[in-house]
Every structure is written in C-alpha cells, then in structure tokens.
Amino acid sequence: MKKLLTIFLIGTIAANMNAQSNPAWTLRQCIDYALTHNIKIKQTEVSAKETEIDVNTNKWARLPNLNGSSSQSWNWGRAASPIDNSYSDTHSANTNFSMNSSIPLFTGFSIPNKYKLSKLQLKAALSDLQKAKEDLSINIASYYLQTLLDKELWNVAKEQVNLSQQQLNRLSRMEELGKASPAEVAEARANLEQNKLSSVQNNNSYKLSLLDLSQLMELPTPEGFEIFQPDTIMFITLTPPDEIYRVAAAIKPEIQAAQYRLDGSAISIKLARAGYMPQLSFSMGLGTNYYTLTGVDTDKFSRQIKNNLNKYIGLNLSVPIFDRFSTRNSIRTAKMQQLNLSLQLEDSKKTLYKEIQQAWYNAVASESKYKSSQTALEAAKASFQLMQGKYENGKATAVEYNEAQLKLKNAESNLLQAKYDYLFRGKILDFYKGEKIK
C-alpha cells in the first residue's frame, strides 16, 4: 500500500511539473518558434546565404590570382644525341616547376557591375526571405485564432450540456411529484445526449486545430501544447485602403524584391554591353626545370634549378571584332528581361493594392457581422430567458424550450465566429501597415 501511495505521489508531482514546464503559448511565441524551426524558412535562408557568397566572390574579383604547377616526364627510345647528333637508345627525365599570376586591368567594367548586381540580388533574396516569414506569420495567426475559436465553441457546448443537465434534473424531480410526464423527461434526456455529442465534436475540433497549429510550427510533438487565452481582445479602427497602400507599397518585401531585381536589370544590360569592349590583363610568372639524360653528365639538381630559372611579364589585350552577333543578342535579351521585370513590379503593386482592398472590405463586412451577431445574441438571450420562465410555469412545451436553447447556442457560436473573423481581418490590415503580429 505504501509503495502504491509513493508511486501515486511521484506521478502526481511529475504531472504537475510537466504542466508547469509547458505553459500556454502566446501568438507571438508561436510565430517566433515557427520562424526559427520552419523548414521552408530555413531553405530560403540558405538561398540568401548562397547569394551572399556570390557577393563576396565578386567583391574580390579584382585581386590577382596565383597558380603554381609542376610536371615530371620520362622519355626512352631512339633519339638524337646532343653531343654528336647520332641516334641511340636513350633514357631522359625532365622536371618542371612554374608559378604564374594575372591581374585584370580592364574588363569593360564587368567586374564592378557584377559586384553591384550581386548586391542587389542579395537584397532581393533577403526581401524574399522576409516575405516568406510574413506569409508564415499570417498562417500562424490564422491557425492560432481558429484554435481559439474552436476552444470557445467547445466551452459554449459544455455550457449547453450543463443547461441540459439542469433541465433534466428539474424534470426528473417534477416527474417524481407528478408534474411532468415521462415523455418530457425522455426528451430532455435525448437533448442532453445530443448536447454531449456536440461537446465531444467541438472538443475533437479543438484538438485537431491544436495539432494543425503545432505541425505548422514544426513542434516535435503536440503533447502538452496549449495556447494562451487572452482575457480581453482589442479591436482596431479600420484604416482606409488607400492610406494602407501608401504605407505598404514602401515597406512590403515583395515590392522591394521586385524593385531590386528591376534595378539589377539595368546593370545586366551594362554587363551585356561589356562584350563590345576590349579586355586588358597583366600577367607574370617564373619557372625552372631539371633534366637528366642517360650517358651524359648533367649538373646537380640545385644547380640546374638555379641556372634554368626563367621569368616573364606581359600584357594581354583582346579586342572583339566579330562575335556572330552574340553580344548584340545578349543586350536584346537583357532589355527584354528589364521590360519583364518592370511589368512584374507593376503587377506586384497592383496585386498588393487588390489584396489590401479585399482585406479592407472583408474587415468592414466582418465588423458589421460582428455587431449584428452581438445584437442577435442579446435578442436570443432575452428570448431564452422568457421561454425558460414560461417553460418553468408550464406555459411552454419542451419543444419550444429546446428551440430557444438551440437558437441561443447558435447565436453564441455565430458571435464567436464573427469575433475571430473580425480579429483576423484586423490583423491582416495591421500586417499590411507593417505592424508586428502579436
């Protein structure tokens, strides 16, 4: 018995500690965790880092390169003797060492233009990363509010179960006193079981919403995961769409990314035009070798390496004369890409404006629906209270009472749905204004 009591106490303490170690998550915590662990966000970050490496590569393209090489060869067979020019079977070996370097002096401005282009591409990649984070934040907010809604709907369903249980208890006592028929008690019991079924379904919906949210956040397991239920929810004042657009067009990452790519297209045209310009580079190097021949006395390795040392410097000039219209077509292609990117920027702006308009009208509609749902709930509560009084005084049937109770439940559910829909629409507008979702 003592062992069982000890096990029970240990289990209780462990459960309490586990509950304390898993506090409810706020919306901001859910978003921050998802941004850190989401696979697609990580992939986008990797792409941005690859672009950053390209920037670093183009940054140091003006520096001279340095290459070292060596070779070893062996030759055998009949060959002319260097002494008397007679042919005989010989064996020789040759060892070469060399080192060379080249420096680009003029490349038609392609090196600085490549560096500028890569920096713009990095800014565009970082904007793409920010866009991915914002999209994920909106998805998290949507799932989070849906989970809160399902939780409140479950609470409403549990309240309906309590009301139905109280009604059944009251009718059971009245049946014992002969003031209620068995049919009324049976109907009340059926209504209770129906409400219990609705409560179970709402509970399942809440658990599934928690699961969906945890999977979107990339949580390792949904066990112990709970979200924070705020005591009060602040509603916002809706800003006109044109005002929101003026702010969003200057800060939204999809617009910035399109603008960076359009700016980069002008540099791409300059890079294509570099094909018309001459290329000038400076090169230098040094080399030496060691040679042996069968039957011939040769100097030692160190002496040959020293005596055979050679050095060179040079300028290399390449002037394009005719490249089969390759440069001309490259310029044409770059100009077409610039036109396409200009259209993409314009389309991104129009798409953003349409999204803001739709979000604003949806928010206005949801605000109106929320206010109407509040009025409908007040009316349903008043109607239910009157019907409850009539039913308790025997002036209304059980069917009428159940209908009033169902209308009250539907009004409460509609109000909750309207409230969270309005909250989500409001957060969407805040998102377009550049405000942090929390």
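Keep in mind that what you see is a predicted model, and the values were worked out from it rather than measured.

Chemist: Explanation requested: the overall build of the protein chain in the structure shown.
Modeler: Scanning the protein chain for helices and strands turns up 10 helices and 4 strands. Along the chain direction, N to C, the helices and strands of the protein chain fall in the order α-α-α-β-β-α-α-α-α-β-α-β-α-α. At 40 Å, the protein chain has a C-alpha radius of gyration far larger than the 22 Å of a compact globule built from 438 residues. Counting only C-alpha atoms and orienting by the principal axes, one finds that the protein chain spans roughly 145 × 70 × 35 Å. Counting over 438 residues, the protein chain shows a buried share of 33%. Here the contacts in the protein chain between residues at least 6 apart in sequence split such that 82% fall between residues at least 24 apart. Counting only carbon and sulfur atoms, one obtains 55% of the accessible surface of the protein chain, whose full area is about 27200 Å². Across the protein chain, the mean location of the 52 positive side-chain charges is 7 Å away from that of the 42 negative side-chain charges.

Chemist: It is not clear to me how the nonpolar core should be interpreted in this structure. Could you clarify?
Modeler: Among soluble globular proteins, nonpolar side chains are generally buried collectively. Counting residues in hydrophobic clusters, the biggest one holds 70 residues, and the most contacted among them are Ile140, Leu213, Met217, Phe225 and Tyr432. Among the elements of the structure, helix H2 (27–37), helix H4 (110–176), helix H5 (182–216), helix H6 (241–251), helix H7 (253–273), helix H9 (326–392) and helix H10 (398–432) are those that each provide at least two residues to this core. Here this core takes 16 residues from H10, the largest share from any one element. In this structure Ile140 touches Leu27, Cys30, Ile31, Ala34, Leu213, Leu216 and Met217, once residues within four positions along its chain are discounted.

Chemist: Looking at this structure, how should I read a positive patch on the surface?
Modeler: Where like charges cluster on the molecular surface, the positive patch consists of Lys116, Lys119, Lys123, Lys270, Arg273 and Lys335. Among the elements that take part in the positive patch, H4 stands out by supplying 3 residues, more than any other. Relative to the elements of secondary structure, Lys119 occurs in helix H4. The class for Lys119 is partly exposed, based on a relative accessible area of 37%.

Chemist: Would you mind showing me how to read H7 here?
Modeler: With 21 residues, H7 extends 31 Å between its outermost C-alpha atoms, agreeing within 8% with the 30 Å of an ideal straight helix rising 1.5 Å per residue. The inward-facing, buried residues of H7 abut H4, H6 and H9.

Chemist: So what exactly am I meant to see when it comes to the layout of surface pockets here?
Modeler: One way to see where empty space is left: roll a probe the size of a water molecule over the atoms. The computed volume of the second largest pocket comes to approximately 230 Å³. Along the wall of the second largest pocket there are 14 residues; nearest its centre are Gln130, Glu134, Phe431, Glu435 and Lys436. Counting residues per element, the ones that place at least two in the lining of the second largest pocket are H2 and H4. Broken down by element, the residue count for the lining of the second largest pocket peaks at 4 residues, all from H4. Per-class residue counts for the lining of the second largest pocket are 5 nonpolar, 3 polar and 6 charged.

Chemist: Could you clarify how one ought to interpret the confidence of the model for the protein chain in this entry?
Modeler: Detail in the predicted coordinates should be disregarded across regions flagged by low pLDDT. Here the protein chain averages 87 in pLDDT, while 91% of its residues score no lower than 70. Model confidence for the protein chain, summarised as mean pLDDT per element, is weakest for helix H1 (residues 2–21) at 43 and strongest for H7 at 96. Throughout residues 1–20 the model reports pLDDT below 50, and contacts reaching past four residues in sequence, or to other chains, amount to 0 contacts.

Chemist: Looking at this model, I keep getting lost on a nonpolar patch on the surface. Mind explaining?
Modeler: A cluster of nonpolar side chains, contributed by Leu317, Val319, Ile321, Phe322 and Phe325, occupies part of the molecular surface with about 620 Å² of accessible area. Checked against the element boundaries, Ile321 lands in the loop between strand S4 (310–318) and H9.

Reading guide: rules and limits
- Residues numbered from 1 in each chain as written.
- Predicted model: local features only at pLDDT ≥ 70, side-chain atom pairs only at ≥ 80, totals over all residues.
- Heavy atoms only, no water.
- Helix = DSSP H or I, 4+ residues; strand = E, 2+ residues; numbered from the N terminus.
- Rg over C-alpha atoms; globule rule 2.2 N^0.38 Å.
- Buried < 20%, exposed > 50% of the residue type's maximum accessible area, 1.4 Å probe, protein only.
- Contact = heavy atoms within 4.5 Å.
- Areas by Shrake-Rupley, 256 points an atom, 1.4 Å probe, with all protein chains shown as cover.
- Lys, Arg positive; Asp, Glu negative; His and termini not counted.
- Charge placed at Lys NZ, Arg CZ, Asp CG, Glu CD.
- Core = buried A, V, L, I, M, F, W, Y, C linked by side-chain atoms within 4.5 Å.
- Patch = residues over 30% accessible without salt bridge, like charges linked within 9 Å, V, L, I, M, F, W, Y side chains within 5 Å.
- Salt bridge = Lys/Arg side-chain N within 4 Å of Asp/Glu carboxyl O.
- Expected span 1.5 Å × (residues − 1).
- 1 Å grid on protein atoms, 1.4 Å probe; cavity = no way out; pocket = protein on both sides within 12 Å on 5 of 7 lines; lining within 4 Å.
- Points joined across faces, edges and corners; volume = space filled by probe spheres on them.
- Nonpolar A, V, L, I, M, F, W, Y, C, P; charged D, E, K, R; others polar.
- pLDDT = per-residue confidence, 0-100.

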